[in-house]
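Residues per chain, in single letters:
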Amino acid sequence: MSALLGAMGGAGLFLLWWSLWNTPPSAPKPPRRDHVRELLLHAGIEKVSTAGFVVSTLLLGIVAFLIFFIFSGAAPIAVCFALFAAWMPVVAVRWRANRRQKLLQQLWPDVVDHLRSAIRAGLSLPEALSQLGEKGPEELRYFFADFASDYRASGQFDGALNRLRDRLADPVADRIFAALKLTREVGGSQLGNLLATLSEFLRDSARMRSELEARQSWTVNAARLAIAAPWMVLLLLATRPEAIAAYNSAAGWLVLAGGLLVSVICYRVMLRIGTLPADERVLG
């Protein structure tokens, strides 16, 4: 009992001593980035949640596994093609995101020109952005019309502009909106010249990027075909009973696992080498 009382007394004295020191506040941890959600926003898919997208890919993989297993009877082959099927939605969303980014690269110079004309005509920044819902590029009118409704409902320009920026999820839009917000906050008479310079720069950048993508597209497509060819051959071999029996063995599992690993590594290396660097959302 004396030992217990001594321990409790020592613990109490330690806590009293510890309370005399100020603990510096820890820095807040940055929020975790939802890469799947960012990919969906880049593709213009706003109504699909991250959980829904993940569940759909898993269900597609399970359905593909059942189909290939029923028709071939080889579990290793079914597993490989189930993984490919589960990865197809990701490939489709990335393709749509790249296509949308290319389209936006062609549209942003026109948006900047519309803004410059509206501001030179004497309209305010909210009015200039709102009129893009009627006179801007057709593909972007929906977003700017929603911005106009949001601004009329809240009366807060910065909040409505931030929500529009998050929905567009485009690095060029981030820079344009940052320039507009800065001009609105500090004022200045050089906004027209700034927008003219920005429009010219965006057109030159889009033209140069299009030329580079056209020159390297055949190389990337050839590499993709080279990766897909062995699996097409495997799909044809799955129609023969002796091939199915061979792949159902332990050696067959190892061969397919090695081939799958090599395909993934080669595909990632091909994307690393053949893909042009993309603009990052440093302001989003």
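Scroll up a little and you will see the structure.
(A) Up close: helix α3 (residues 50-72). With 23 residues, α3 extends 33 Å between its outermost C-alpha atoms, agreeing within 8% with the 33 Å of an ideal straight helix rising 1.5 Å per residue. Considered for burial, the residues of α3 that qualify are Thr50, Phe53, Thr57, Gly61, Ala64 and Ser72. With its phi angle positive at about 80 degrees, glycine 73 sits one or two positions after the end of α3.

(B) Examining a nonpolar patch on the surface more closely. A grouping of Val55, Leu59, Ile62, Val63, Leu66, Ile67, Ile70 and Phe71 is seen on the molecular surface, where their side chains present a nonpolar patch of about 830 Å² in accessible area. Mapped onto the secondary structure, leucine 66 falls in helix α3.

(C) Examining the nonpolar core more closely. The biggest cluster of nonpolar side chains holds 29 residues, and the ones touching the most others in it are Trp108, Leu115, Leu129, Leu140, Phe144, Ile176 and Phe177. Counting only elements with at least two residues in this core, the list comes to α4 (75-120), α5 (125-135), α6 (141-154), α7 (157-168), α8 (171-186) and α9 (191-237). With residues near it in sequence (within four places) discarded, isoleucine 176 still touches Trp108, Val112, Leu115, Leu198 and Leu202. Core analysis: the second largest hydrophobic core is formed by 11 residues, Cys80, Tyr247, Leu256 and Leu260 among them.

(D) Geometry of the packing of aromatic side chains. Summed over the entire model, instances satisfying the criterion amount to 8 aromatic pairs. When the centroid spacing of 6.3 Å and the interplanar angle of 15 degrees are considered together, the rings of phenylalanine 147 and tyrosine 151 count as stacked. Placement of the pair is phenylalanine 147 and tyrosine 151 together in helix α6, with a separation of 4 residues, close to one helical turn. Relative accessible area serves as the criterion here: at 2%, phenylalanine 147 is assigned to the buried category. Looking at tyrosine 151, the relative accessible area reads 23%, which means it is partly exposed. What links up through ring pairs into an aromatic cluster is the set Phe68, Phe81, Phe84 and Trp231.

(E) Local environment of α7. Given a rise of 1.5 Å per residue, 12 residues ought to cover 16 Å, and the 16 Å separating the end C-alpha atoms of α7 matches this to within 8%. Among the residues making up α7, those that are buried are Phe157, Gly159, Ala160, Leu161, Leu164, Arg165 and Leu168. A positive phi of about 50 degrees marks alanine 169, the residue just after α7.

(F) Highlighting the pattern of salt bridges. Taken as a whole and assessed by the stated rule, the structure comprises 7 salt bridges. A salt bridge links aspartate 204 to arginine 207; its shortest N-O distance comes to 2.5 Å. You can see aspartate 204 and its partner arginine 207 sitting in helix α9, 3 residues apart, about one turn around the helix. By relative accessible area, which is 34% here, aspartate 204 ends up partly exposed. Taking the shortest distance from any N to any O, the salt bridge between glutamate 242 and arginine 240 comes out at 2.7 Å. Among the charged side chains, a network of salt bridges with common partners joins Asp110, Asp113 and Arg203.

(G) Quick peek at the packing of α4 against α5. Contact pair α4 / α5: the axes reach a minimum separation of 9 Å and the direction vectors enclose 130 degrees. In terms of axis orientation, α4 runs oblique to α5. Note on packing geometry: the crossing formed by α4 with α5 is right-handed. Of the residues in α5, those touching α4 at Val111, His114, Leu115, Ala118 and Ile119 are Leu125, Ala128, Leu129, Gln131, Leu132 and Lys135. Of the residues contributing to the contact of α4 with α5, the split by class is 8 nonpolar, 2 polar and 1 charged.

Cut-off values and rules
Residues numbered from 1 in each chain as written. Predicted model: local features only at pLDDT ≥ 70, side-chain atom pairs only at ≥ 80, totals over all residues. Heavy atoms only, no water. Helix = DSSP H or I, 4+ residues; strand = E, 2+ residues; numbered from the N terminus. Expected span 1.5 Å × (residues − 1). Buried < 20%, exposed > 50% of the residue type's maximum accessible area, 1.4 Å probe, protein only. Patch = residues over 30% accessible without salt bridge, like charges linked within 9 Å, V, L, I, M, F, W, Y side chains within 5 Å. Areas by Shrake-Rupley, 256 points an atom, 1.4 Å probe, with all protein chains shown as cover. Salt bridge = Lys/Arg side-chain N within 4 Å of Asp/Glu carboxyl O. Core = buried A, V, L, I, M, F, W, Y, C linked by side-chain atoms within 4.5 Å. Contact = heavy atoms within 4.5 Å. Phe/Tyr/Trp six-rings, centres within 6.5 Å; stacked < 30°, edge-to-face > 60°. Axes fitted to C-alpha atoms, helices over the stretch in contact; angles between N-to-C directions. Parallel < 35°, antiparallel > 145°, perpendicular 65-115°, else oblique. Left-handed = near helix turned anticlockwise from the far one by under 90°. Nonpolar A, V, L, I, M, F, W, Y, C, P; charged D, E, K, R; others polar.

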